[in-house]
Amino acid sequence: MSRDRHRPDDEEIGAFRQALQEAGVRPIKRNRADPGRPRRRDASTEARRAAAESARDDTGTGRTSDGRVEPVRPSEYLDFALPDLPWRTRSQLKRGQIAWEIGLDLHGHTLEEARAELEAFLREAAAERRRCVMVVHGKAWGTSSDYPVIKSHVNAWLREWPGVLAFCSAIEADGGTGALYVLLRRRGNLA
């Protein structure tokens, strides 16, 4: 199955814009919802916001455990979702229908390097308000283990990360059980 989407040519784009113009459609001025009431900008709100931002610990690792994890098989399909995630969204993620925006390849990293890279990647993705990302963990067995170490740890780490709504193994075209689609929560710049 091809994942290529039809790319409209200039003539189709021009016809579409002309139809919109004739229908009286105007471009929106801002890309934010208008709840119909002004934002509160009082001192208590600003103090709470400042306290929340200073309490965040984004400087080092520590959001994920480095202890023992449950080993997974190289070909094992990984699947996790928060209980309140809509079934339709989870189903679309599993079928690869939610386009991933940026990716991270953890091949060749030590366990500690992989952990630091993954945490930095998730923080960056959250700061850029990304919705779906890809993490390639591979299926290689560790030199001193009889299971894929990076894959097993990524499985545990993503379950602990507060901004992760769901993740699952990718479709074969994107790496199969050696990669994951990760659906992230969009909460401004919070990770």
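Residues numbered from 1 in each chain as written. Predicted model: local features only at pLDDT ≥ 70, side-chain atom pairs only at ≥ 80, totals over all residues. Heavy atoms only, no water.

**Student:** Where do I start with helix 4 (residues 111-127) in this structure?
**Tutor:** In an α-helix, one turn spans 3.6 residues, which is why side chains three or four residues apart end up on the same side. Its 17 residues place the ends of helix 4 24 Å apart at the C-alpha level, agreeing with the 24 Å of an ideal helix rising 1.5 Å per residue. Residues of helix 4 that are buried include every one of Ala114, Arg115, Leu118, Glu119, Phe121, Leu122, Arg123, Ala125 and Ala126, and no others. Tucked inside the fold, the buried residues of helix 4 contact strand 2 (102-105), strand 3 (132-136), helix 5 (149-160) and strand 5 (179-184). Phi turns positive, to about 55 degrees, at arginine 129, one or two residues after helix 4. (Helix = DSSP H or I, 4+ residues; strand = E, 2+ residues; numbered from the N terminus. Expected span 1.5 Å × (residues − 1). Buried < 20%, exposed > 50% of the residue type's maximum accessible area, 1.4 Å probe, protein only. Contact = heavy atoms within 4.5 Å.)

**Student:** Sorry if this is basic, but what is going on with a nonpolar patch on the surface here?
**Tutor:** Taken together, the side chains of Phe16, Leu20 and Val25 present a nonpolar region at the surface, about 280 Å² in accessible area. By secondary structure assignment, the location of leucine 20 is in helix 1 (residues 10-22). (Patch = residues over 30% accessible without salt bridge, like charges linked within 9 Å, V, L, I, M, F, W, Y side chains within 5 Å. Areas by Shrake-Rupley, 256 points an atom, 1.4 Å probe, with all protein chains shown as cover. Salt bridge = Lys/Arg side-chain N within 4 Å of Asp/Glu carboxyl O.)

**Student:** Explain the nonpolar core here, please?
**Tutor:** Nonpolar side chains in soluble globular proteins tend to be buried together. If you look at the biggest cluster of nonpolar residues, it comprises 23 residues, and the most contacted ones within it are Leu118, Val154, Leu158, Phe167 and Val182. Considering each element in turn, this core owes the most residues, 5 residues, to helix 4. Not counting the four nearest positions on each side in its chain, valine 182 is found in contact with Arg131, Cys132, Val133, Val135, Leu158, Val164, Ala166 and Phe167. Core analysis: the second largest hydrophobic core is formed by 13 residues, Cys132, Met134, Tyr181 and Leu183 among them. (Core = buried A, V, L, I, M, F, W, Y, C linked by side-chain atoms within 4.5 Å.)

**Student:** Explain helix 1 here, please?
**Tutor:** Counted at 1.5 Å a residue, the expected span for helix 1 with its 13 residues is 18 Å, and the 18 Å between its end C-alpha atoms agrees. Glycine 24 occupies a position one or two residues after helix 1 and carries a positive phi of about 85 degrees.

**Student:** What's the story with a negative patch on the surface in this structure? I'm lost.
**Tutor:** Taken together, Asp9, Asp10, Glu11 and Glu12 make up a surface patch of like negative charges. Structurally, the position occupied by glutamate 12 is in helix 1. Overall, glutamate 12 belongs to the partly exposed group, its relative accessible area being 37%. (Lys, Arg positive; Asp, Glu negative; His and termini not counted. Charge placed at Lys NZ, Arg CZ, Asp CG, Glu CD.)

**Student:** Looking at this structure, I do not really get the sheet that holds strand 3. What am I missing?
**Tutor:** In a beta sheet, neighbouring strands pair by backbone hydrogen bonds and run either parallel or antiparallel. Strand order in this open sheet of 5 strands is 1-4-5-3-2, and the pairing throughout is mixed. Of all the strands in the sheet, the pair left with one neighbour each is strand 1 (79-81) and strand 2. Ignoring strand direction, the axes of neighbouring strands in this sheet form an average angle of 20 degrees. Taken together, the 5 bridges between strand 3 and strand 5 define a ladder with antiparallel strand orientation. If you follow valine 136 over to strand 5, its bridge partner there is alanine 179. Taken strand by strand, helix 5 contacts strand 1, strand 3, strand 4 (164-169) and strand 5, and its axis lies near 155 degrees from that of strand 4. (Pairing = 2+ DSSP bridges. Axes fitted to C-alpha atoms, helices over the stretch in contact; angles between N-to-C directions.)

Function cannot be inferred from these measures alone, as they are strictly geometric.
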